[in-house]
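Chain by chain, the residues:
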There are 6 protein chains.
Amino acid sequence: MPYVNIRIAGTLSREQKAQIAAELTDTLERVALKPAAYTYITFDEVADENWAIAGKLLDEESL
Amino acid sequence: MPYVNIRIAGTLSREQKAQIAAELTDTLERVALKPAAYTYITFDEVADENWAIAGKLLDEESL
Amino acid sequence: MPYVNIRIAGTLSREQKAQIAAELTDTLERVALKPAAYTYITFDEVADENWAIAGKLLDEESL
Amino acid sequence: MPYVNIRIAGTLSREQKAQIAAELTDTLERVALKPAAYTYITFDEVADENWAIAGKLLDEESL
Amino acid sequence: MPYVNIRIAGTLSREQKAQIAAELTDTLERVALKPAAYTYITFDEVADENWAIAGKLLDEESL
Amino acid sequence: MPYVNIRIAGTLSREQKAQIAAELTDTLERVALKPAAYTYITFDEVADENWAIAGKLLDEESL
């Protein structure tokens, strides 16, 4: 029963999210023996304005 | 001072969220002796495209 | 498929956690129509030294 | 490599987020010796309807 | 700059965690074009007593 | 009513946590006008074995 939260800055296409979910679920089943049916994965797509690295918001460059 | 994060796929009506918050706050006060005034509850309504179970995004069926 | 994370300062007994899980799962099924079998609840018991309110760690009084 | 998630009810201006990110990154570098380049901060701006205190959603007063 | 939090019930060996981290970082780089150097992954190993499914703590069977 | 979760690899002393909590609460009050009494901050001290960057666990160097 893994629960995985993936947070990325910006957005992903539906195809990217589907591929990541498929691969990660396979990894968890193969490596950690977690049944796929019990694996939840959520994606949080965070706006650049809401993510900071090194003390600066990610959208700073474009201002 | 509990902090509770409730993540659901899809959306809830305002009435559903109010009812869940009231019942859960009561549960935590009655069972865990946590004063209601200190209980924070947040709801994250996650799009079906951003939630996967068993390696598939929840919106897959409808494509 | 709700995922709920309950964070409390201090600890709860096993009986308290079992009761909270049972009541909250019932609330989510009854109010939000979420099947109990899909509801995950996790508890994080956070040490008083790791929780601050109003800028003070919760263990401060006892020092 | 700290990862910090700041959740607030309502919204913040871009300037407020930039200032908070700058100050918190400085605090973590000065107090905890964490290099600024490794510090990630994310902001979650939660609608009042999705945040409850004391068993009531925060938008209740205005209804 | 993805941040990923993987929560599992029970524990994983160091080797399992290293393998999962390697595969997931590769997935995110290949599929989502996220540079590996910016990918943070954390594991939370949650005691069975602190994880409930269907309203029951996971350690209930063994009591 | 901010809720802040600070996750760091390794540990912090009680004094470091107290100082970070005091400074961050002040920042949020001064910059975002959030009353200190409503600000919750939690610290998660994550073992190096449970944190990966660039696909490698942080304890790898010392093995």
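The shown structure was predicted, so the numbers you read here are calculated from the model rather than taken from an experiment.

*Asks:* Go over the relation of the copies chain B and chain A with me, naming the residues and quoting the values.
*Replies:* The transform that puts chain B on chain A rotates by 120 degrees and translates by 0.0 Å along the axis, for an RMSD of 0.0 Å. As the rotation angle and translation indicate, the two copies are arranged about a three-fold axis. Of the C-alpha atoms belonging to chain B, the one lying closest to the rotation axis is found on D44(B), 5.8 Å away.

*Asks:* Report on the interface of chain B and chain A, specifying residues and quantitative values.
*Replies:* Each side of the interface is counted separately: chain B has 12 residues, and chain A has 17 residues. Summed over both sides, the interface of chain B with chain A buries roughly 1300 Å², with 51% coming from carbon and sulfur. Applying the counting criterion to the chain B and chain A interface returns 3 salt bridges. Here D44(A) and R7(B) are joined by a salt bridge, their closest N and O atoms 2.9 Å apart. Where chain B touches chain A, the interface holds 11 residue pairs in polar contact (both at pLDDT 80 or more). The leading source of residues in the side of chain B that touches chain A is strand β3 (residues 51–53) of chain B, at 3 residues. Pairing between strand β2 (residues 40–46) of chain A and β3(B): 3 bridges, direction antiparallel. Pairing of Y40(A) across the sheet is with I53(B), part of β3(B).

*Asks:* Pulling in residues and values, what's your account of the interface of chain E and chain A?
*Replies:* Taken together, the 25 residues of chain E in the interface contact 25 residues of chain A. For chain E, the biggest contributors to the area lost against chain A are M1(E), E23(E) and V31(E); these three give 23% of the whole. Across the chain E-chain A interface, the total number found is 2 salt bridges. A salt bridge links E23(A) to R30(E), with the nearest nitrogen and oxygen atoms 2.8 Å apart. Looking at the side of chain E that touches chain A, the elements that each hand over two or more residues are β1 (3–9), α1 (14–32) and β3 (51–53) of chain E. Here the side of chain E that touches chain A gets 10 residues from one element, more than from any other, and that element is α1(E). The residue makeup of the side of chain E that touches chain A, split by class, is 17 nonpolar, 4 polar and 4 charged. Where strand β1 (residues 3–9) of chain A meets β1(E), 5 bridges bridge the pair, whose relative direction is antiparallel. The residue of β1(E) that forms the bridge with N5(A) is N5(E).

The rules we used
- Residues numbered from 1 in each chain as written.
- Chains lettered and ligands numbered in written order.
- Predicted model: local features only at pLDDT ≥ 70, side-chain atom pairs only at ≥ 80, totals over all residues.
- Heavy atoms only, no water.
- Least-squares fit on C-alpha atoms with pLDDT ≥ 70 in both.
- Contact = heavy atoms within 4.5 Å.
- Buried area = accessible area lost by both parts, 1.4 Å probe.
- Salt bridge = Lys/Arg side-chain N within 4 Å of Asp/Glu carboxyl O.
- Polar contact = N/O pair within 3.5 Å; in protein donor to acceptor, adjacent residues only side chain to side chain.
- Helix = DSSP H or I, 4+ residues; strand = E, 2+ residues; numbered from the N terminus.
- Pairing = 2+ DSSP bridges.
- Nonpolar A, V, L, I, M, F, W, Y, C, P; charged D, E, K, R; others polar.

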